[in-house]
Amino acid sequence: MPKTIKHTAADKTLTLNELGAFVQDALRSGADGTERVQANITFGGKLKDITVALTSPETAEQDAPGFVPEG
């Protein structure tokens, strides 16, 4: 099961500092930078919250096409 990192705006919309904290948190939790990010936005296009799902290297390898388990 993937680990999920989610940051929600302290006020109505995320600030640049909150976005930076999200990125640092994700990278420290094992993200390699290739993960797709999901976000909820306001009607005006501002970020309300942002989420990324992290998979362990073993899970990502097993999901890869052509994976053959050892043994």
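These figures come from a predicted structure and were not determined experimentally. (Residues numbered from 1 in each chain as written. Predicted model: local features only at pLDDT ≥ 70, side-chain atom pairs only at ≥ 80, totals over all residues. Heavy atoms only, no water.)

Undergrad: For the environment of Thr42, give the residues involved together with the corresponding values.
TA: Looking at the secondary structure, you find Thr42 in the loop between strand E2 (37-41) and strand E3 (47-54). Along the chain, Thr42 and Lys12 lie 30 residues apart, while their C-alpha atoms are 8.8 Å from each other. Setting aside its immediate chain neighbours within four residues, Thr42 contacts Thr13 and Lys48. (Helix = DSSP H or I, 4+ residues; strand = E, 2+ residues; numbered from the N terminus. Contact = heavy atoms within 4.5 Å.)

Undergrad: So what's going on with the sheet that holds E2? Residues and values would help.
TA: Strand order in the open sheet made by the three strands is E1-E3-E2, with antiparallel pairing throughout. This sheet does not close on itself; its edge strands, each paired only once, are strand E1 (3-8) and E2. Mean inter-strand twist for the sheet, computed between neighbouring axes without regard to direction, equals 15 degrees. Running over the sheet, helix H1 (residues 16-28) touches E1, E2 and E3 and is turned about 165 degrees from E1. (Pairing = 2+ DSSP bridges. Axes fitted to C-alpha atoms, helices over the stretch in contact; angles between N-to-C directions.)

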